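A look at the structure
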Amino acid sequence: MRALLVLVFLAPLTAAACTEDGLALFVQEKYKESEKLFEQAVAENPKSAECRLWLGRAYGRRAERASGLAKIGALSLGRKLRVKFTEAVELEPENLVALQALFEFHVEAPGIVGGDVDQARALAERIAALHPGMGLRAQAALHRRDEDWPAAEAALRKAIDLEPEDVGHRLS
């Protein structure tokens, strides 16, 4: 019995367990540790968009929190984040969570790590084709980035008119 317990303890975690344990560490703001588990989950389940999204989020949080000389390493993490979000979209082209994550990256990230407004505009169109209300929110984000406040407000008002029950429009 003792040998069986040791084998169970030493057995590699499954992708689901890695993701679950990674999420627990992520919530505790232990991003580097969660990153390792998400990397393991991606390795075990290479077709999972969700695992790639969480790995990208872990990279992103580490990059956001970098200070001092660590900011140089944050550039690499930003690039890795873009790659993982892009892979998630490639795996599941109609996954709105993945599309939105990649869109937000392209809107917010500087060009040096791969942020690209033209890519964001193309992603906003893809989002709109799948979910018109979310597409309008994406358009509003692009207008905010350009500091075109009246256009941003108009897009959000259209989103609210289109889907008055969707709280997300009101929180944008």
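Up top is the structure these notes are about.
What comes next concerns the included structure. (Residues numbered from 1 in each chain as written. Predicted model: local features only at pLDDT ≥ 70, side-chain atom pairs only at ≥ 80, totals over all residues. Heavy atoms only, no water.)

**So, the packing of helix α2 (residues 15-27) against helix α3 (residues 31-44)**
Between α2 and α3, the shortest axis-to-axis distance is 8 Å and the interhelical angle comes to 165 degrees. Taken together, α2 and α3 sit at an angle that is classed as roughly antiparallel. The element α2 and its partner α3 pack so that their crossing is left-handed. Along its contact with α2, which presents A15, C18, T19, D21, G22, L23, L25 and F26, the element α3 presents Y31, E33, S34, L37, F38, Q40, A41 and E44. Its residues placed into classes, the contact of α2 with α3 shows 9 nonpolar, 4 polar and 3 charged. (Axes fitted to C-alpha atoms, helices over the stretch in contact; angles between N-to-C directions. Helix = DSSP H or I, 4+ residues; strand = E, 2+ residues; numbered from the N terminus. Parallel < 35°, antiparallel > 145°, perpendicular 65-115°, else oblique. Left-handed = near helix turned anticlockwise from the far one by under 90°. Contact = heavy atoms within 4.5 Å. Nonpolar A, V, L, I, M, F, W, Y, C, P; charged D, E, K, R; others polar.)

**Topic: the environment of A152**
Note on placement: A152 falls in helix α9 (residues 149-162). On the basis of relative accessible area, A152 is assigned to the buried category, the value being 4%. A sequence separation of 13 residues divides A152 from Q139, and the C-alpha atoms of the two residues are 7.2 Å apart. Excluding residues that lie within four positions of it along the chain, A152 makes contacts with A140, H143 and R144. (Buried < 20%, exposed > 50% of the residue type's maximum accessible area, 1.4 Å probe, protein only.)

**Notes on the packing of helix α6 (residues 96-108) against helix α8 (residues 132-145)**
Where α6 meets α8, the closest approach of the two axes is 11 Å, and the angle between their N-to-C directions is 10 degrees. Compared by their axis directions, α6 and α8 come out roughly parallel. Facing L96, Q100, F103 and V107 of α6, the residues of α8 in contact are M134, A138, A141, L142 and R145. Its residues placed into classes, the contact of α6 with α8 shows 7 nonpolar, 1 polar and 1 charged.

**Brief notes about the side chain of N95**
Summarising the element assignment, N95 is placed in the loop between α5 (70-91) and α6. Accessibility expressed as a relative area gives 16% for N95, which makes it buried. Within the structure, N95 has its side chain in polar contact with the side chain of E92 (distance 2.8 Å). (Polar contact = N/O pair within 3.5 Å; in protein donor to acceptor, adjacent residues only side chain to side chain.)

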